[in-house]
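Spelled out, the chains give:
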2 protein chains.
Amino acid sequence: MSESCNTYHECCLYFTANSLARQVNEMAEDAFKITGLAPSYAHLMLLLIEEPGLSQNILSDRMNLKASTMTRFIDKLMQKGYVERVQEGRSVYIYPTESGKSLKKSINQALSILFDNYCEVMGKDFAVKLTADIHKANTILKE
Amino acid sequence: MSESCNTYHECCLYFTANSLARQVNEMAEDAFKITGLAPSYAHLMLLLIEEPGLSQNILSDRMNLKASTMTRFIDKLMQKGYVERVQEGRSVYIYPTESGKSLKKSINQALSILFDNYCEVMGKDFAVKLTADIHKANTILKE
DNA sequence: ATATTTTATTTGTATGTACAACTAATGTCT
DNA sequence: AGACATTAGTTGTACATACAAATAAAATAT
């Protein structure tokens, strides 16, 4: 443990990362209201619009979610008519529908709003650097 | 959005922070097995051992959890006999029991193991710096 | 070609967490 | 003091996510 911390709560990556996720979730839920989707579903849609035909397996890997969670996410996006499943052998490939693709604009807009919001509070430089570092950590942890 | 990102997925704080939280959760769940508690409960116990008698309200604020979530956390810790509630007026103050206090050692051990684990993968300097930055972001976002 | 193992997905179930509505206590204004 | 507003906590409900077991297809070994 780092010697420069008063309490474990500020120097444990588990505690701090979860806290941050919860706080940013709150902002994100707000910003993504205009899309009609929860932020994680919007994230998934964006992946699919960029690369149609990814398998569920790959999708869960990209988002660091378990396969079972991905099944449920896709179920819900199908219900809303935003994606379709194409089964080939044991794999299932996911494609956005036209109506799914049409979400792109509002999702990007929501991302922009969210970005502006947290930059306003934390300062842009710090926010961008922090995000890049967290991304780096994610990459490393994925082995 | 930062100009240096290929995709939104790596430059959106929401996406990256959630991903990180999920990955670190996995490591934490592992490390905290020796305590018999899920990491978030251990976190709470640690807060209570350090400062017995915090109100539920303050506890949820410290952990960035909603009051209703805190009610449920405390319910569970009471069932296990690790804390007790002392109601005074409309506030409820929480105290660790003897058996609760005795968890301190194994929780600290788990924290140590977890810290070593992620430092080994990410490098200690980077890990410590990242945690400090995330803590800073948390503080700022809490206004 | 059959048996075995591995891989992708699904389903049942459990837990973490939040929101909204509710209760009860306290504080404020007149 | 009585009416209204605020605050702390609880409860019902919903959703995100995970784990474990089940299914089914593909790959491998014999």
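Figured I'd write up the structure that's included with this text. (Residues numbered from 1 in each chain as written. Chains lettered and ligands numbered in written order. Predicted model: local features only at pLDDT ≥ 70, side-chain atom pairs only at ≥ 80, totals over all residues. Heavy atoms only, no water.)

The next thing to look at is the overall build of chain A. Across its full length, chain A holds 8 helices and 3 strands. Element order for chain A, N to C, with α for helix and β for strand: α-α-α-β-α-α-β-β-α-α-α. Seen through its C-alpha atoms, chain A measures out along the principal axes to roughly 55 × 30 × 20 Å. Within the span of chain A, comprising 143 residues, buried residues form 51% of the whole. Looking at chain A alone, contacts between residues at least 24 apart form 50% of all its contacts between residues at least 6 apart. When the accessible surface of chain A is summed, it comes to about 7100 Å², and 48% of that surface belongs to carbon and sulfur atoms. The centroid of the 16 positive side-chain charges in chain A is displaced by 5 Å from the centroid of its 17 negative side-chain charges. (Helix = DSSP H or I, 4+ residues; strand = E, 2+ residues; numbered from the N terminus. Buried < 20%, exposed > 50% of the residue type's maximum accessible area, 1.4 Å probe, protein only. Contact = heavy atoms within 4.5 Å. Areas by Shrake-Rupley, 256 points an atom, 1.4 Å probe, with all protein chains shown as cover. Lys, Arg positive; Asp, Glu negative; His and termini not counted. Charge placed at Lys NZ, Arg CZ, Asp CG, Glu CD.)

Attention now moves to the interface of chain A and chain B. Each side of the interface is counted separately: chain A has 56 residues, and chain B has 56 residues. Interface area, chain A with chain B, both sides summed: about 5600 Å², of which 67% is carbon and sulfur. If you look at where chain A meets chain B, you find 2 salt bridges. The partner of Lys66(A) in a salt bridge is Glu26(B), and the shortest N-O contact between them spans 3.2 Å. Taken together, the links from chain A to chain B amount to 20 residue pairs in polar contact (both at pLDDT 80 or more). Among the elements of the structure, helix H1 (8-11), helix H2 (13-31), helix H3 (39-50), helix H7 (104-122) and helix H8 (124-141) of chain A are those that each provide at least two residues to the side of chain A that touches chain B. Top element by residues in the side of chain A that touches chain B is H2(A). It accounts for 16 residues. (Buried area = accessible area lost by both parts, 1.4 Å probe. Salt bridge = Lys/Arg side-chain N within 4 Å of Asp/Glu carboxyl O. Polar contact = N/O pair within 3.5 Å; in protein donor to acceptor, adjacent residues only side chain to side chain.)

Looking now at the sheet that holds strand E2 (residues 83-88) of chain B. Residues and elements named next belong to chain B. Overall, antiparallel pairing links the 3 strands, which are arranged E1-E3-E2 in an open sheet. Since the sheet does not close on itself, it has two edges, and those belong to strand E1 (54-55) and E2, each with one partner. Pairing of E1 with strand E3 (residues 91-96), which is carried by 2 bridges, proceeds in the antiparallel orientation. If you follow Leu54 over to E3, its bridge partner there is Ile94. Docked against the sheet, helix H5 (residues 67-79) engages E2 and E3, running at close to 125 degrees with respect to E2. (Pairing = 2+ DSSP bridges. Axes fitted to C-alpha atoms, helices over the stretch in contact; angles between N-to-C directions.)

All names here are of chain A. One can find Thr69 in helix H5 (residues 67-79). Its relative accessible area of 27% is what places Thr69 among the partly exposed residues. Spatially, the C-alpha atom of Thr69 lies 9.9 Å from that of Gln56, the residues being 13 residues apart in sequence.

A few words on the protein's contact with DNA strand C. Taken together, the neighbourhood of DNA strand C is formed by 24 residues, with Gln56(A), Asn57(A), Thr71(A), Val92(A) and Phe73(B) sitting nearest. Considering DNA strand C, the proportion of its atoms within 4 Å of the protein that are sugar or phosphate atoms stands at 65%. A distance of 2.9 Å is found between a phosphate oxygen of DNA strand C and a backbone nitrogen or oxygen belonging to Lys66(B). Thr69(B) is positioned such that a nitrogen or oxygen atom in its side chain is 3.1 Å from a phosphate oxygen of DNA strand C. Among the elements of the structure, helix H4 (56-63), H5 and strand E3 (91-96) of chain A together with helix H3 (39-50) and H5 of chain B are those that each provide at least two residues to the surface near DNA strand C. (Near = heavy atom within 4 Å.)

Glancing now at the protein's contact with DNA strand D. Neighbouring residues of DNA strand D: 23 residues in total, closest Phe73(A), Gln56(B), Asn57(B), Thr71(B) and Arg72(B). Close to the protein, within 4 Å, the atoms of DNA strand D are drawn from sugar and phosphate at a rate of 67%. Residue Lys66(A) places a main-chain N or O atom 3.0 Å away from a phosphate oxygen belonging to DNA strand D. Within the side chain of Arg85(B), an N or O atom sits 3.4 Å from a phosphate oxygen of DNA strand D. Secondary structure elements with two or more residues in the surface near DNA strand D: H3 and H5 of chain A together with helix H4 (56-63), H5 and E3 of chain B.

Turning to the relation of the copies chain A and chain B, a few remarks are in order. By a simple turn and slide, chain A fits onto chain B: the slide is 0.0 Å along the axis, the RMSD is 0.0 Å, and the turn is 180 degrees. This pairing of chains is accounted for by a two-fold axis. Most of the interface of chain A is mirrored in chain B, where 100% of its interface residues again form contacts. (Least-squares fit on C-alpha atoms with pLDDT ≥ 70 in both.)

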